[in-house]
Amino acid sequence: MKEEVFFMDREGVPVWSPSQAAAQREAKRRPRFYSYLNLWPFVAVLVVLLCIFMVNAPPFHHITLDLPGSFCATEQPKARAEDAMKIYVMRDGRVYFRNYRAEPKSLPFLIHNAMQEGAEKKVYLSVVSRARYGDAAPVVEEISNAGIREICILAYKREK
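No experiment lies behind these values; they were computed from the predicted model shown. The numbering scheme is per chain: residues are counted from 1 as the chain's sequence reads. Given that the model is predicted, a residue must reach a pLDDT of at least 70 before its local features are reported, and side-chain atom pairs must reach 80 or more before they are shown or counted; all residues, however, enter totals for whole chains, interfaces and linings. Water and hydrogen atoms were dropped before computing side-chain values, which therefore reflect all heavy atoms in the structure.

1. As for the pairing of strand S5 (residues 123–127)
Two faces belong to every sheet, and in a regular strand the side chains alternate between them.
Next up, step 1: Using a 1.4 Å probe on the protein chains alone, a residue whose accessible area is under 20% of its type maximum counts as buried, one over 50% counts as exposed, and one in between counts as partly exposed. Each helix is a run of DSSP H or I of at least 4 residues and each strand a run of E of at least 2, with the numbering of both proceeding from the N terminus. Among the five residues in S5, five count as buried, and that is most of the element.
Next up, step 2: Pairing analysis gives five bridges linking strand S2 (residues 85–89) to S5, with the strands arranged parallel. Bridging from a neighbouring strand, valine 89 pairs with valine 127 of S5.
Next up, step 3: Convention used here: a crossover is right-handed provided that the path from the first strand, over the helix, to the second strand proceeds clockwise when the strands point away from the viewer. Chirality of the crossover, the property in question, places the unit of S5, helix H4 (residues 133–145) and strand S6 (residues 151–153) among those that are right-handed. For two strands to count as paired, DSSP must find a minimum of two bridges between them.

Right, dumping it as structure tokens:
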């Protein structure tokens, strides 16, 4: 059989130890009221605002073009301006006005709004090299219906 061994302390008399003294000093230094900032409501508001701005952001289409090449193309630095009126005609017939999809019939309205905002009275037309003539011709007609006589057709400069 196993014997059980009991260690008996003096009952009723607290035993002093350095760790107990340190704990008592720490308890005296600790403030009675614990105040903290609850940041979860702030985080929740930020997440809601982020979602609202992401949903309501206008769709931005990144347009990649395969423009035709020309040996006598000249550089058009004003075509890079932010307020330049750029119209893109894609291979499948889609039309974009300044990175936003548009219908060819709405181009005169968009052009008049751009000119009221201070845009140059010149349109930079980018037609993809594999686009059909039937897709580009109505766009040119609507540009002329808007009263624009300067149309710059963009192309890459080929090396000889």
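Don't stop here, the text continues.
2. Examining the side chain of lysine 86
Next up, step 1: Looking at where lysine 86 falls in the secondary structure, it is placed in strand S2.
Next up, step 2: Look at lysine 86: it is buried, it has no salt bridge, and the nearest opposite charge is aspartate 83 at 8.4 Å.
Next up, step 3: Leaving out residues up to four positions away in the same chain, lysine 86 has contacts with Ala79, Ala81, Tyr96, Phe97, Arg98 and Tyr124. In this charge count, Lys and Arg are treated as positive and Asp and Glu as negative; neither His nor the chain ends contribute. Within this document, salt bridges are pairs made up of a side-chain nitrogen of Lys or Arg and a carboxyl oxygen of Asp or Glu, the two lying within 4 Å of each other. Here, two residues are considered to be in contact whenever any of their heavy atoms come within 4.5 Å of each other.

3. Notes on the pairing of S2
Next up, step 1: In terms of residue burial, S2 counts as a mostly covered element, since five of its five residues are buried.
Next up, step 2: Direction of pairing for S2 relative to strand S3 (residues 95–97): antiparallel, over a ladder of three bridges. Note that in S3 the partner of tyrosine 88 across the bridge is tyrosine 96.
Next up, step 3: Here S2 folds back onto S3 in antiparallel fashion, the turn holding five residues, of which glycine 93 has a positive phi close to 95°.

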